[in-house]
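Chain residues, written in single-letter form:
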Amino acid sequence: MNIVVAPDSFKGSLTSIQASDIIKEAIKSVDARYQITMKPMADGGEGTLQSLLTSTHGTSIPVKCTGPLGGEIDTAYAIVNSNTAIIECASIAGLVQVPRFKRDPDITTTYGIGEVIIDALDKGCTSFVFGLGGSATNDGGLGMLMALGMKAWDENGNELEPFGKDLHRVTKVSFSGLDSRLLHAAIQVACDVDNPLCGERGATKVFGPQKGATEEQIGQYDMALDKYGDIIEGVFEKRLKNIPGAGAAGGLGFALLAIGAELISGAELLAGTMNVEGAIQHADLVLTGEGQSDEQTLYGKAPGYIASLAQKYHVPAILLSGSLDGDLDVLRERFAGCFSIVNKPLTLEECMEKADELLYEQTKQVIHLLRNIKNKG
């Protein structure tokens, strides 16, 4: 039997790579002859880079760049297929890199993301894939654009710095110094949020609090992003602020749109980069999973997208989930079977602590069942 293993992370418990390894081990414990293809999924946030490296056998590129607080950090991106750079924003300007007591959008920047783009261009990359999740910033991509060659000034003609606090003072920008190699680059962005740049559902009002923004700052940043957005729209003569996803990563989505990026479903983009469809096309079974599943699993989440690919090729897809909720009949229209990994009464804390054991045992149960049915057939 040829089995594709393509789970998302079990958030707070297992990364997608850990979940894939556990599922593989459980399958092999039932029948070591089964052929397993590993395609650990991610949503564009933390873990995206490692998932793609694992699935594509790409090369990790170490790099020094400016971190979210302005100091130099050591991080990495990946190059796959010789000319495609995979950049995970969470590993450059991520919330996890900023201690909770230091979280303040005034002092964070996306400058390092631009530096990493330059490094990839220098290495011959002409294609880029970005994961936007988990950023610590709310600068509208101001820092990234400055690293790429944009300049910005305040009303007195003073050139600005690339931090969130400088966003409020932008009155003029120039893209004349933007790295010309970007004109010929293909840029795709894994984006699973549809927030516009500003407004009630915008970058600041929805995501600002988790980045340390106070009530006062939320109002100020929303107005600053609106004004900044108008300025950049004027330069490019195209409307970008209200494109779904422009508000992703504190407005970084907007800045990437300005330089020609395409924002698409994270699951679709990552699956395409890893050629998940090609693997599923030749599979007998697909196993996917996540921490919690309900009807929303079918709308943009990785397991739902994996199941749609499996349906396309008439391959049964099994969902292994930490928790099943909502209308399961809707899920069963896409999945051949939906199974919670919880096998006895447990607290939420116990479930998360024992996620590895629970996933292992439920996978074994499913594979035993399918093997017996196949043998009797």
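Located above this text is the structure these notes cover.
This next bit is on the overall build of the protein chain. On a plain count of helices and strands, the protein chain comes out with 15 helices and 13 strands. Over its C-alpha trace the protein chain gives a radius of gyration of 22 Å, about what one expects of a compact globule, namely 21 Å for 377 residues. Dimensions of the protein chain along its principal axes, counting C-alpha atoms only, are 80 × 45 × 35 Å. Taken over 377 residues, the protein chain has a buried fraction of 54%. The long-range fraction of contacts in the protein chain, counting pairs at least 24 apart against all pairs at least 6 apart in sequence, stands at 70%. Put simply, the protein chain shows about 16400 Å² of open surface, and 48% of that area lies on carbon and sulfur atoms. Charge separation in the protein chain, taken as the distance between the mean sites of 32 positive and 48 negative side-chain charges, equals 5 Å.

For the rest of this paragraph, the subject is the sheet that holds strand β2 (residues 35-38). Read across the open sheet, the 5 strands follow the order β2-β1-β11-β12-β13; overall the sheet is parallel. Unpaired on one side and paired on the other, β2 and β13 (337-340) mark the two borders of the sheet. If you compare each strand with its neighbour and ignore which way they point, the axes differ by 20° on average. Bridge count for strand β12 (residues 317-321) against β13 is 4 bridges, and the pairing is parallel. Residue pairing across strands places L319 opposite C338, the latter belonging to β13. Helix α1 (residues 16-30) rests against β1 (2-5), β2, β11 (285-290) and β12 of the sheet, and its axis sits at about 175° to β2.

With that settled, the discussion passes to the pattern of salt bridges. Enumeration over the complete set of coordinates arrives at 16 salt bridges. When the shortest N-O distance is used, the salt bridge between K151 and E159 registers 3.4 Å. Accessibility expressed as a relative area gives 39% for K151, which makes it partly exposed.

Our focus in this paragraph is a negative patch on the surface. Side chains of E349, E350, E353, D356, E357 and E361 sit close together on the surface and give a patch of like negative charge. Mapped by element, the contributors of at least two residues to the negative patch are α14 (348-353) and α15 (355-376). Residue position: E350 is located in helix α14. For E350, a relative accessible area of 31% puts it in the partly exposed group.

So, on to the packing of aromatic side chains. Across all of its chains, the model carries 3 aromatic pairs by this definition. Ring geometry for F128 versus F130: centroids 6.2 Å apart, planes at 20°, classification stacked. Here F128 falls in the buried class, since its relative accessible area comes to 2%. Residue classification places F130 among the buried residues on the basis of a relative accessible area of 1%. Note on Y228 and F254: the rings are 6.0 Å apart at their centroids and 55° apart in plane angle, and the pair reads as tilted. Linking Y228 in helix α8 (residues 215-236) with F254 in helix α9 (residues 248-258), this pair joins segments that are 26 residues apart in sequence. In this structure, K172 packs its charged tip against the face of W153, placed 5.3 Å from the ring centre.

Take the sheet that holds strand β4 (residues 72-80) next. Taken in spatial order, the 6 strands make up an open sheet running β3-β4-β5-β6-β9-β10, and their pairing is mixed. Among the strands making up the open sheet, the edge pair consists of β3 (59-66) and β10 (262-264). Pairs of neighbouring strands in the sheet enclose a mean axial angle of 25°, with direction left out of account. The pairing of strand β5 (residues 84-88) with strand β6 (residues 127-131) spans 5 bridges and is parallel. Note on β6: the bridge partner recorded for T84 is S127. Against the sheet, helix α4 (residues 111-122) makes contact with β3, β4, β5 and β6, and its axis sits at roughly 135° relative to β3, the strand it touches most. Lying over the sheet, helix α10 (residues 266-273) contacts β5, β6, β9 (186-190) and β10, oriented at roughly 125° with respect to β9.

The next thing to look at is the environment of A136. Within the element layout of this structure, A136 appears in the loop between β6 and α5 (142-147). Sequence separation of A136 and G124 is 12 residues, and the distance between their C-alpha atoms is 29 Å.

For A249, which is not a glycine, the phi torsion comes out positive at approximately 55°. Assignment of secondary structure puts A249 in helix α9. Its identity is not glycine, yet H314 carries a phi of approximately 55°, on the positive side. You can see H314 is positioned in the loop between α12 (302-312) and β12. H314 gets classed as exposed once you look at its relative accessible area, which sits at 74%.

Moving on, we get to helix α2 (residues 48-56). Here α2 has its buried residues at T48, L49, S51, L52, L53 and S55. Buried-residue contacts for α2 involve α1, β2, β3, β4, β5 and α10. Downstream of α2 by a residue or two, H57 has a phi angle that is positive, lying close to 60°.

A few words on the nonpolar core. Ranked by size, the top nonpolar core spans 60 residues in total, and within it I117, F128, F130 and M144 carry the most contacts. Top contributing element to this core by residue count: α9, with 8 residues. Setting aside chain neighbours within four positions, we find M144 in contact with T110, Y111, I113, G114, I117, L252, A255, L256 and I259. L49, A78, V80 and I306 belong to the second-largest nonpolar core, a separate cluster that totals 35 residues.

Scoring rules and cut-offs
- Residues numbered from 1 in each chain as written.
- Predicted model: local features only at pLDDT ≥ 70, side-chain atom pairs only at ≥ 80, totals over all residues.
- Heavy atoms only, no water.
- Helix = DSSP H or I, 4+ residues; strand = E, 2+ residues; numbered from the N terminus.
- Rg over C-alpha atoms; globule rule 2.2 N^0.38 Å.
- Buried < 20%, exposed > 50% of the residue type's maximum accessible area, 1.4 Å probe, protein only.
- Contact = heavy atoms within 4.5 Å.
- Areas by Shrake-Rupley, 256 points an atom, 1.4 Å probe, with all protein chains shown as cover.
- Lys, Arg positive; Asp, Glu negative; His and termini not counted.
- Charge placed at Lys NZ, Arg CZ, Asp CG, Glu CD.
- Pairing = 2+ DSSP bridges.
- Axes fitted to C-alpha atoms, helices over the stretch in contact; angles between N-to-C directions.
- Salt bridge = Lys/Arg side-chain N within 4 Å of Asp/Glu carboxyl O.
- Patch = residues over 30% accessible without salt bridge, like charges linked within 9 Å, V, L, I, M, F, W, Y side chains within 5 Å.
- Phe/Tyr/Trp six-rings, centres within 6.5 Å; stacked < 30°, edge-to-face > 60°.
- Lys NZ or Arg CZ within 6 Å of the ring centre and 35° of its normal.
- Core = buried A, V, L, I, M, F, W, Y, C linked by side-chain atoms within 4.5 Å.

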